[in-house]
Amino acid sequence: MRQKTLDVLDFDKIKALVEKEAVSDLGREKAASMSPASDYQTVVHQIDETDEISQIYNKHRLPSLSGLSKVSPLIHRAKIGSMLNVRELNQIKRLIQVQNQYKTFYSQLLEEEEAINYPILDERMTQLPILSDLYQEIKQKCDAYDLFDDASYELQSIRSRIHSTSQLIKQNLDRVVKSQSNQKKLSDSIITVRNDRHVIPVKAEYRQDFNGIVHDQSSSGQTLYIEPSAVVEMNNKISRLRNDEKAEVERILTELTLEVAGEADACLIAESVMGQIDFLTAKARYGSSIKGTKPEFTEERKVYLPKAFHPLLDPKTVVANTIEFVDGIQTVIITGPNTGGKTVTLKTLGLIIVMAQSGLLIPTLDGSKLGVFDNVYCDIGDEQSIEQSLSTFSSHMKNIVEILKHADHNSVILFDELGAGTDPSEGAALAMSILDNVQKRGALVMATTHYPELKAYSYNRDGVMNASVEFDVNTLSPTYKLLMGVPGRSNAFEISSKLGLNGKIIRDAKAMIGQDEQEINNMIASLEKNTKRVDNQRIELEQLLREAQDLHRQLSQKYDQYQNYEKQLMDEAKTKANQRVKAATKEAEEIISDLRQLRDEKNADVKEHELIEKRKHLDEQYEATDLKQNVKKKKWDEIKAGDEVKVLTYGQKGEVLEILDDEEAVVQMGIIKMKLPIADLEKKQKTQEPQTKMVSRSNRSPVKMELDLRGYRYDEAVTALDQYLDQAMLSNYENVYIIHGKGTGALQKAVQQHLKRHKNIASYRTGTPSEGGFGVTVATLK
């Protein structure tokens, strides 16, 4: 965008205000170099970035950026081998401290809001490097001005010896200055330092009484500063120790500088990110000071600025106006009295476009919309030059010629008093011709004028709208209110009447101008009234709509959070319940296993159906929603002796042997005979099997509901599985448990492949955690 435009619109004053809000020289540099972008993606990114920081700034207390400074020159010096001093190392330490504080702040912010609501800032935070080790090294060895004594063992030893030797010197000199015999020989009873050596002030006439070296004398020559011979060697020792100290300090600082050089790239990234954050925070502070809002950018040409005002005017007295190019309008012509606010309106429009495309919040109400323009051209103000012999008209025309060379479809042009400074008829004709030219180029134009001919111009051209600044005839002063769509009307008769002009003269004048013009003035007055009413209602409705949309969005977010929280609580409750049931099941299985082993070894009187019942009771407590289902009785047919039924409690088929009463029956399930509630039995259609399939067996050994194949080879496992399934079919089992263990999974795969092909298997599945998990396959028989 042209620098001349930025100068005319006083954009440098806006930059100065933003620069003033920055804390560091990094932020101030960025504010000073701020300029409007013209690429759509860049413009949108800039305003989104500013808006994110503004939201945080308005809701939270941001970490302090005080002490942040530019360190890139120091980093470059470190990389080329130059040694950094303590003050410079502290600048780098402060940069790391600032970035760490901001990272901590942002982490806490994410915890509070439970979502990434600031994607651009989040990306910058992920860019920040980890420099804690470098920070600790500098912090442990450097104070504000010097190295700590314990920065190294050697430095601590040297400084300790310097301190002890200095104490000895002071003790020796104290005895000299406090001696009664020396009181009259000394100018003062103090020990002072000259040339980094401890000395005493001796009167010149007593010089011969003190053996030593004279290091200085007073301006009058009456006092000599003598280093007594008794402390010369000790002072020499301190001098040697000082040299050693300097060498050790340089060694430590060189080590620290090398560590900085090793983290050079990371430090530069930290500087870049934190400098940008300082710049954005300065934008946010300035935006807050003018109560700025975020504009919505569109890829189409659009200008809608509700209640916009000039940010450099006094906010207590400035009048806000809605500036808009409605659909189909390219040119807006503003008429009205001098000092009515026409020029301010032009500058407000131009400056707001420049601010928005520079990533600044703009002084309007919420809901503003703007396109992204390549250039804003201004012909505002009087640029006449005595030296160049340019009149007002000539200076304007020279500027307009330059504008017409470059203006295009993606430009905004602001003409102040177009065609002024020459003959009214010629000026009006020239103004209309210029407007026709820029309209053909497709540029958006806002122009101010005094020419009445331009009021009718909009009625003869498509895409042109009239506007005016209001004038209060009661106070004989402008109100500075902009009326879009309403041409300015003459107030000469009202003003003359207020000023006391004879009524007859005014009536005669009205008769001279004709009925048509009076009707036009009346129509314009009516339009002014209606336009103000509609404009206020529109802004109010838009505000209510935005509030409703915000409320809807907040409620939707809260509802989603509630659902997620509810699901989380349910999952946590199920997990805890499963853990408890799993622990109890494991303990019970161990007990059952021990009992079975005891029964097999010693023929203990433990019935199989009791073991199954206890096992099923534990399984029912497990919260497995996918495999374990809450089975309910579906059929309520009358159950009689001999009926085939499904025992819902155990998931097994059985045959009713006897009905005891209305509530209980004796049921045979395989080899197990049990007394069960009729409510747990569901009648099944009894299948008539061919006689040849019936096998009569006597003295059958009991068949378990589980087959343990652990330790079997493939062929042995398949053979044992076939035999077991035949026995399970004869025992009328519905489900059986094949224990193959987890291991490598080879045996599990072999078992399941065989079950898949077996003619008597309806389905199979992996066991639940309480059934043995992946180490067990549960098969359902046909």
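Residues numbered from 1 in each chain as written. Predicted model: local features only at pLDDT ≥ 70, side-chain atom pairs only at ≥ 80, totals over all residues. Heavy atoms only, no water.

1. A word on the overall build of the protein
- The helix and strand inventory of the protein stands at 21 helices and 23 strands.
- Long-range contacts, defined here as pairs at least 24 residues apart, represent 66% of the contacts in the protein between residues at least 6 apart.
- With the model as given, the accessible surface of the protein reaches about 43200 Å², and the carbon-plus-sulfur share is 48%. (Helix = DSSP H or I, 4+ residues; strand = E, 2+ residues; numbered from the N terminus. Contact = heavy atoms within 4.5 Å. Areas by Shrake-Rupley, 256 points an atom, 1.4 Å probe, with all protein chains shown as cover.)

2. Some words on the UniProt feature "binding site: ATP" (unreviewed entry) in the protein
- Within this structure's numbering, the places UniProt gives as "binding site: ATP" (unreviewed entry) are Gly336, Pro337, Asn338, Thr339, Gly340, Gly341, Lys342 and Thr343.
- On the basis of relative accessibility, which here comes to 1%, the residue Gly340 falls in the buried class.
- By the element assignment, Gly341 lies in the loop between β8 (331-335) and α12 (342-357).
- Gly341 sits in the buried class, given a relative accessible area of 14%.
- Each residue touching Gly341, except ones within four places of it in the same chain, is listed here: Val469 and Tyr480. (UniProt positions renumbered as here; feature names shortened; annotations may be inferred. Buried < 20%, exposed > 50% of the residue type's maximum accessible area, 1.4 Å probe, protein only.)

3. Observations regarding the packing of helix α7 (residues 119-127) against helix α11 (residues 264-289)
- Look at α7 against α11: their axes get within 9 Å of each other, and the N-to-C directions meet at 155 degrees. Taken together, the axes of α7 and α11 are roughly antiparallel relative to one another. At the point where α7 passes α11, the crossing takes the left-handed sense. Taken together, the residues of α11 that come into contact with α7 (itself represented by Leu121, Arg124, Met125 and Gln127) are Ile269, Val273, Gln276 and Ile277.
- For the contact of α7 with α11, the class distribution of residues is five nonpolar, two polar and one charged. (Axes fitted to C-alpha atoms, helices over the stretch in contact; angles between N-to-C directions. Parallel < 35°, antiparallel > 145°, perpendicular 65-115°, else oblique. Left-handed = near helix turned anticlockwise from the far one by under 90°. Nonpolar A, V, L, I, M, F, W, Y, C, P; charged D, E, K, R; others polar.)

4. Regarding the pairing of strand β11 (residues 411-415)
- Summarising burial for β11: five of the five residues are buried, a large majority.
- Burial of the side chains of β11 extends over both faces: Ser411, Ile413 and Phe415 are buried on one face and Val412 and Leu414 on the other.
- By the bridge criterion, five bridges tie strand β10 (residues 375-379) to β11 in an arrangement that is parallel. In the strand pairing of β11, Tyr377 is matched with Ile413.
- When β11 meets strand β12 (residues 444-449), the two strands line up parallel, connected through four bridges. Across the sheet, Leu414 pairs through a bridge with Met446, a residue of β12. (Pairing = 2+ DSSP bridges.)

5. Remarks on the sheet that holds strand β4 (residues 223-228)
- Overall, antiparallel pairing links the four strands, which are arranged β1-β2-β4-β3 in an open sheet. If you trace the sheet from one side to the other, it starts and ends with β1 (192-194) and β3 (212-217), each paired once. Adjacent strand axes in the sheet meet at a mean angle of 50 degrees when their direction is disregarded.
- When β1 meets strand β2 (residues 197-203), the two strands line up antiparallel, connected through three bridges.

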